[in-house]
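As a plain string of letters, each chain reads:
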Amino acid sequence: MSIYDTLNEQQRQGVFATEGPVLLLAGAGSGKTRVLTHRIAYLVEEKEVNPYNILAITFTNKAAAEMRERVDNLVGLEAGSAWIMTFHAACVRILRRYIERIGYENNFTIYDTDDQRTLIRDALKRFDMDTKIYKDKAVLAQISRAKDELITPDDMELAAGQDLRKKNVAKVYREYQRQLKASNALDFDDIICKTVELFTSCSEVLEYYQQRFRYIMVDEYQDTNTAQFKLVSLLAARHRNLCVVGDDDQSIYKFRGANVKNILEFEHFFPEAKVIKLEQNYRSTQNILDAANAVIRNNIERKDKRLWTDAGAGDKIEYHVYNSAFEEAYGIVSDIKKDVGNGAAYNDHAVLYRTNAQSRSLEEKFVELGVPYKIYGGVNFYGRKEIKDVLAYLKTIDNARDEVAIKRIINVPKRGIGTTTLDKISIYAQDNDCGLYAALVRCGEIPSISKATAAKVTGFVTMISAMRAKARELSVKELINEILNDIHYEEYLSDDDEPEEVADRMDNISELISKAAAYEAEAEVPSLSGFLEEVALVADIDGMDDSNNVVSLMTLHSAKGLEFPVVYLSGMEDGNFPSYMAVTSDDKSDLEEERRLCYVGITRAKKRLVMSMAKQRMIRGEVMICKSSRFVNEIPREYIAETGQGIRKPTPFGDVNAAEERLRAELPWNRPSGSIFSSGSSRISGSGYSAGVKRRQPTERPTFTKGAPVPAASEEELGYAAGDRVRHIKFGDGTVAKIVSGGRDFEVTVDFDTAGTKKMFASFAKLVKID
DNA sequence: GCCATTTCCCTTTTT
DNA sequence: GGGAAATGGC
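For clarity, every value in this text was computed on a predicted model and none was experimentally measured. (Residues numbered from 1 in each chain as written. Chains lettered and ligands numbered in written order. Predicted model: local features only at pLDDT ≥ 70, side-chain atom pairs only at ≥ 80, totals over all residues. Heavy atoms only, no water.)

## A few points about the overall build of chain A
So, step 1. What chain A contains, in helices and strands, is 33 helices and 21 strands.
So, step 2. Residues counted as buried form 55% of the 771 residues belonging to chain A.
So, step 3. By element, 49% of the accessible surface of chain A is carried by carbon and sulfur atoms, the whole surface being about 33400 Å². (Helix = DSSP H or I, 4+ residues; strand = E, 2+ residues; numbered from the N terminus. Buried < 20%, exposed > 50% of the residue type's maximum accessible area, 1.4 Å probe, protein only. Areas by Shrake-Rupley, 256 points an atom, 1.4 Å probe, with all protein chains shown as cover.)

## Comments concerning a negative patch on the surface
So, step 1. Residues Glu498, Glu500, Asp504, Asp507 and Glu511 make up a contiguous surface patch of negative charge.
So, step 2. Examined against the element boundaries, Asp507 turns out to sit in helix 24 (residues 499-522). (Patch = residues over 30% accessible without salt bridge, like charges linked within 9 Å, V, L, I, M, F, W, Y side chains within 5 Å. Salt bridge = Lys/Arg side-chain N within 4 Å of Asp/Glu carboxyl O. Lys, Arg positive; Asp, Glu negative; His and termini not counted. Charge placed at Lys NZ, Arg CZ, Asp CG, Glu CD.)

## What about helix 8 (residues 164-182)?
So, step 1. If you check helix 8, its first and last C-alpha atoms are 27 Å apart, about what 19 residues at 1.5 Å a residue would give, namely 27 Å.
So, step 2. For helix 8, the capping residue at the N-terminal end is Asp163, with a side-chain oxygen 3.2 Å from the backbone nitrogen of Arg165.
So, step 3. Asn184 sits one or two positions beyond helix 8 and adopts a positive phi of about 50 degrees. (Expected span 1.5 Å × (residues − 1). Polar contact = N/O pair within 3.5 Å; in protein donor to acceptor, adjacent residues only side chain to side chain.)

## Details of helix 5 (residues 113-126)
So, step 1. A rise of 1.5 Å per residue sets the reference length of helix 5, with its 14 residues, at 20 Å; its end C-alpha atoms lie 20 Å apart and thus fit the reference within 8%.
So, step 2. What helix 5 keeps buried is the set Asp115, Gln116, Leu119, Ile120, Ala123 and Leu124.
So, step 3. After helix 5 finishes, the residue Asp128 shows a positive phi value of roughly 60 degrees.

## Some remarks on the pairing of strand 13 (residues 564-569)
So, step 1. For strand 13, the buried fraction is high: 5 of the 6 residues fall into the buried class.
So, step 2. Here 4 bridges tie strand 10 (residues 349-353) to strand 13, and the two strands are oriented parallel to one another. Bridge pairing in strand 13 links Leu352 to Leu569.
So, step 3. Pairing of strand 13 with strand 14 (residues 605-619), which is carried by 5 bridges, proceeds in the parallel orientation. Across the sheet, the residue bridging to Val567 is Leu609, located in strand 14. (Pairing = 2+ DSSP bridges.)

## Let's talk about the sheet that holds strand 1 (residues 22-26)
So, step 1. Taken in spatial order, the 6 strands line up as 3-2-6-7-1-8 in an open sheet, and their pairing is parallel. With partners counted over all chains shown, the strands left at the sheet margins are strand 3 (83-86) and strand 8 (274-278), one partner each. Strand-to-strand twist of the sheet, defined as the mean angle between neighbouring strand axes without regard to direction, takes the value 15 degrees.
So, step 2. As paired elements, strand 1 and strand 8 share 5 bridges and run parallel to each other. The residue bridging Ala26 from the neighbouring strand is Leu278, located in strand 8.
So, step 3. Sheet contacts for helix 1 (residues 9-16): strand 1 and strand 8; angle to strand 8, the most-contacted strand, approximately 145 degrees. (Axes fitted to C-alpha atoms, helices over the stretch in contact; angles between N-to-C directions. Contact = heavy atoms within 4.5 Å.)

## Describing the pattern of salt bridges
So, step 1. The final tally for this structure, using the stated rule, is 52 salt bridges.
So, step 2. The shortest N-O distance in the salt bridge between Glu157 and Arg174 comes to 2.9 Å. Taken together, the residues Glu157 in helix 7 (residues 153-160) and Arg174 in helix 8 connect sequence positions 17 residues apart.
So, step 3. Residue Arg174 is classed as partly exposed on the basis of its relative accessible area, which comes to 33%.
So, step 4. Shared partners join several salt bridges into a network, and the residues in it are Asp247, Asp248, Asp249, Arg302, Asp304 and Lys305.

## Some words on the protein's contact with DNA strand B
So, step 1. Taken together, 27 residues surround DNA strand B, and among them Phe59, Lys137, Arg354, Thr421 and Met581 come closest.
So, step 2. The protein-proximal atoms of DNA strand B, defined as those within 4 Å of the protein, are 57% sugar or phosphate.
So, step 3. A distance of 3.2 Å separates a phosphate oxygen of DNA strand B from a polar side-chain atom of Ser558.
So, step 4. Within the side chain of Glu594, an N or O atom sits 3.4 Å from a base oxygen of DNA strand B.
So, step 5. Sort the elements by how many residues they give to the surface near DNA strand B and helix 19 (residues 419-432) lands first, with 3 residues. (Near = heavy atom within 4 Å.)

## Describing the packing of helix 5 against helix 8
So, step 1. One can describe the packing of helix 5 onto helix 8 by two numbers: an axis separation of 9 Å at closest approach and a directional angle of 125 degrees. The pairing of helix 5 with helix 8 is recorded here as oblique in orientation. For the pair helix 5 and helix 8, the crossing hand works out as right-handed. The residues of helix 8 that touch helix 5, namely those facing Gln116, Leu119, Ile120, Ala123, Leu124 and Arg126, are Val172, Glu175, Tyr176, Arg178, Gln179 and Leu180.
So, step 2. A per-class count over the contact of helix 5 with helix 8 returns 7 nonpolar, 2 polar and 3 charged. (Parallel < 35°, antiparallel > 145°, perpendicular 65-115°, else oblique. Left-handed = near helix turned anticlockwise from the far one by under 90°. Nonpolar A, V, L, I, M, F, W, Y, C, P; charged D, E, K, R; others polar.)

## Some words on the packing of helix 17 (residues 385-398) against helix 25 (residues 528-537)
So, step 1. Packing of helix 17 against helix 25 leaves a shortest axis separation of 10 Å and a crossing angle of 140 degrees. With respect to their mutual orientation, helix 17 and helix 25 come out oblique. As helix 17 packs across helix 25, the resulting crossing turns out to be left-handed. Across the interface between the two elements, Leu391, Leu394, Lys395, Ile397 and Asp398 from helix 17 touch Leu528, Ser529, Phe531, Leu532 and Val535 from helix 25.
So, step 2. Tallied by class, residues from the contact of helix 17 with helix 25 come to 7 nonpolar, 1 polar and 2 charged.

## Section: the environment of Asp497
So, step 1. With respect to the secondary-structure elements, Asp497 resides in the loop between helix 23 (489-496) and helix 24.
So, step 2. For Asp497, a relative accessible area of 15% puts it in the buried group.
So, step 3. When near neighbours in sequence (up to four residues on either side) are disregarded, Asp497 contacts Val502 and Arg505.

## Here's the deal with the side chain of Thr86
So, step 1. You can see Thr86 is positioned in strand 3.
So, step 2. Of note is the side chain of Thr86, whose polar atom sits 2.9 Å from the backbone nitrogen of Ala89.
So, step 3. Apart from the residues lying within four places of it in its own chain, the contact partners of Thr86 are Ile57, Thr58, Phe59, Thr60, Asn61 and Ala64.

## Digging into the confidence of the model for chain A
So, step 1. On average, residues of chain A score 83 in pLDDT, and 86% of them are at 70 or above.
So, step 2. Strand 6 (residues 215-218) holds the highest mean pLDDT among the elements of chain A, 97, whereas helix 31 (residues 703-706) holds the lowest, 24.
So, step 3. Throughout residues 644-715 the model reports pLDDT below 50, and contacts reaching past four residues in sequence, or to other chains, amount to 139 contacts. (pLDDT = per-residue confidence, 0-100.)

## A look at the packing of aromatic side chains
So, step 1. A complete count under the given rule lists 18 aromatic pairs for this structure.
So, step 2. With a centroid separation of 5.7 Å and an interplanar angle of 50 degrees, the aromatic rings of Tyr519 and Phe531 are classed as tilted. With Tyr519 in helix 24 and Phe531 in helix 25, this pair connects stretches of sequence that are 12 residues apart.
So, step 3. Note on Phe531: relative accessible area 1%, which makes it buried.
So, step 4. An aromatic cluster is built from Trp83, Tyr98, Phe199, Tyr208, Tyr209 and Phe213, whose rings are joined through pairwise contacts.
So, step 5. Above the ring of Phe108, the side-chain terminus of Arg96 is found at 4.0 Å from the ring centroid.
So, step 6. The ring of Tyr253 carries the charged tip of Arg256 above its face, separated from the ring centre by 4.0 Å. (Phe/Tyr/Trp six-rings, centres within 6.5 Å; stacked < 30°, edge-to-face > 60°. Lys NZ or Arg CZ within 6 Å of the ring centre and 35° of its normal.)

Below is the structure:
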């Protein structure tokens, strides 16, 4: 009996097909990690491949760690020299060794999103661009997408043609890259693109790695972007032993540049590829799978497949309609409590949601009812002010050219070096082409800076160089303590924070120090750069400890790749999930991505799936009236239980509507006069149509997703018609140009007097007829 | 240069 | 409702 006998036929095929390109279409819960780990074991033990020649790439450190552990269990530690790591970790490792060949220094810094935004804002300011039109976040997203596609600033400028915005973004993009390079820094995208650049410009480096990695495996292949595809293609070009594993139905990172075509067209790029489908699911019950299948089959852009199991039907899915988010939270937490009372463990349960903001009301109830929990994601630990301050000191010590770090700490704590002085120094640096730190050193030479101010700057420089000297002898942990002492950080915090907040921040710093100590204990060759790199590349979910007996709370995105006996999908409301953005988007594939996210959520559940919605939810301080998520309506009624664990029966149809009508009448925007709302967040409102808990037949799809709107006269339902004057809370007054029925909602086109022509859905637009 | 107040934007998801 | 940037007064 060998370890391969426990695999099913398709899984075995995946394990044994070691030579040539292989596409493994692995549905949720079909045992793909098992195939990958057994494949590595098979290569090492049966094919006598040196582990040194194996590269396995994942997206998260957690997945990499899990794979490493499982491989070690199968073949022992002898596979230690195989690279099993994330895209980013692998690329950083390569770049630390060879990046000098493309003009960076090996001790480059990694910039996070905050640092990126700082650079973008600086560039926008430098070019005197209107930040109302060029929002830093939007510009950054545009640049980031370009990088994912390996588009250079020159490419972008050429493609822009007469498009002024695009031209300007290209200009910012060029400046942004210049600044990154001046700071000897890479952003997340650069980590991939610069590796591609290194490979394409230095053939001997590429050849070295091609030679080395004879067998390459890529997990979650549906989430790769164009740059990552290029990287993998380059590495695999020599031996062509490339095995990619993924599921197009679980592609949920388009917003981050993932290109589903990589998996859909794999056979096009590698015509000799062997394709293996894994459709047997070992995780969930048939009812859960049927629900997942019913939802995902509404997507058009996908490879057809259908999950099945021989585990039996299992419990029906539960669906609860609550009056408010608070009731929903109470319902979920008390249900967990009851379950634990019946012998379940806390860590059998996970609560998933679309947006991080939803964790708040849940958290309150967990605290109130004394149920242990952990929230993953949300405010990043490394995004906290105090952590960023300390890290900026470390970065400045490690890489003198890191200008974002220098600018962050030069006046933290207050040293009397303000923006005016800093601007003067920046200009000097630019004029003399010498870098910010060099300009600081020479600030005595800058005529416009007074003696007194120059002395302060020199004091800073002296302190940093002293710290640099210490860094050579001290551990990272000791160095952080030195810094905190030298700059009297706690006193600085006490100046404007309350004592408890100071204590809180100092606790966070202690945690950072512990992480530094842990890093130094684990790393083969600990270094300051290494620590900063590890810190930059971790995700919150990486720290998940399955053995901790607490309930896990996280976004649907974070939940990918995980499984739990009991899963709660909370906030199943149209406008929340699918998100408002996706619902109103012109691009129908946005809605398909949300549906895939729903599919991911459903398939996390092993035994019990509990979905819920709140008819009223507070979003950004405003109460929103919500209707049931269209995804819930896509699940045939036969899979859904009528009652759920005795918490609450799904509210009868008529009641929902009656209750909603009453509520709506009381809402501020429905009162006759005096709307107090100024923001444009008209997310979800009462006009039009309410789905309640009604469920559609599986064959009946919302017309709106098919994109075949039927024109209809609709004045009665909406209270306005084409040609009428209407008022929108954000866009002001306008004339209705067109109303088109989209099956479940009306799509209204309005020519606004000042805001231009907008297309919107009636139920979200809160349009009011005016005379 | 510093501080308090106002204004803005935000919330879709993250390696 | 909240946090961070911009503004304006000292």
